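Structure assessment
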Amino acid sequence: QVQLVESGGGLVQPGGSLRLSCAASGSIVNIYAMRWYRQAPGKERESVAIISWSGTSLYYRDSVKGRFTISRDNAKNTVYLEMNSLKPEDTAVYYCNADLMSTTFVRTDYWGQGTEVTVSS
């Protein structure tokens, strides 16, 4: 069993900052990459940022470049998303995703339960 637990969402004013965390736990053999997605009301889920577990590969969607930073702590199996200069259009449920191999020795994507971010004055 593998669990992803997100935290750090909330209500913030435009221009403010939040830091999301996602901790992976359970029967993990190897993590290949971790990702943040978001889904705004009435819209499709979209990728926000991706980090390889070696840290050598990073991706950000254009609309968050320069404002969001993804990082990871390998020892804690945790990925972070530092979000600065938040805009109302960043309002969404943010989901953590992990590309990993568990003790079943099958490489699989796992998802967290989501954490809500609301940017509003």
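We now turn to the structure provided with this report. Computed from a predicted model, the values in this text were never measured in an experiment.

**Details of the packing of aromatic side chains**
Under the definition given, this model contains one aromatic pair. A ring pair is formed by Tyr37 and Trp111, whose centres lie 5.0 Å apart and whose planes are at 55°; its orientation type is tilted. Here Trp111 lies in strand E10 (residues 107–111) and Tyr37 lies in strand E4 (residues 28–39), a separation of 74 residues in the sequence. Note on Tyr37: relative accessible area 19%, which makes it buried. Residue Trp111 is classed as partly exposed on the basis of its relative accessible area of 38%. Over the ring of Tyr80 we find Arg19, and its NZ or CZ is 4.1 Å from the ring centre. Lying over the aromatic face of Tyr32, Arg107 brings its terminal NZ or CZ to 3.7 Å of the ring centre.

**Overview of the environment of Asn77**
Within the secondary structure, Asn77 is located in the loop between strand E7 (68–73) and strand E8 (78–83). Between the alpha carbons of Asn77 and Pro14 there is a distance of 30 Å; along the sequence they are 63 residues apart.

**Section: the sheet that holds strand E1 (residues 2–7)**
Spatial strand order, E1-E3-E8-E7: four strands in an open sheet with antiparallel pairing. Pairing within the sheet leaves two strands with one partner each, and these edge strands are E1 and E7. The average angle at which neighbouring strand axes cross in this sheet is 15°, direction not considered. Pairing between E7 and E8: six bridges, direction antiparallel. Residue pairing in the sheet places Phe68 in a bridge with Met83 of E8.

Criteria and thresholds
Counting restarts for each chain: residues are numbered from 1 in the order of the written sequence. Totals for whole chains, interfaces and linings use all residues, but because this is a predicted model, local features are given only for residues with pLDDT of at least 70 and pairs of side-chain atoms are given and counted only at 80 or more. The side-chain values count all of the structure's non-hydrogen atoms but skip hydrogen atoms and water molecules. Stacked, tilted and edge-to-face are the three classes assigned to paired rings of Phe, Tyr and Trp, where Trp is represented by its six-membered ring and a pair needs centres within 6.5 Å; plane angles under 30 degrees give stacked, over 60 edge-to-face, the rest tilted. Numbering of helices and strands runs from the N terminus; a helix is a DSSP stretch of H or I covering at least four residues, while a strand is a stretch of E covering at least two. Buried means the residue's accessible area, taken with a 1.4 Å probe over protein chains only, is under 20% of the maximum for its type, while exposed means over 50%, and partly exposed covers the values in between. To sit over a ring, a charge needs its Lys NZ or Arg CZ within 6 Å of the ring centre and within 35 degrees of the ring normal. A pair of strands counts as paired when DSSP detects no fewer than two bridges linking them. Throughout, an axis means a line fitted to C-alpha atoms (over the contacting stretch in the case of helices), and angles, computed between N-to-C directions, take values from 0 to 180 degrees.

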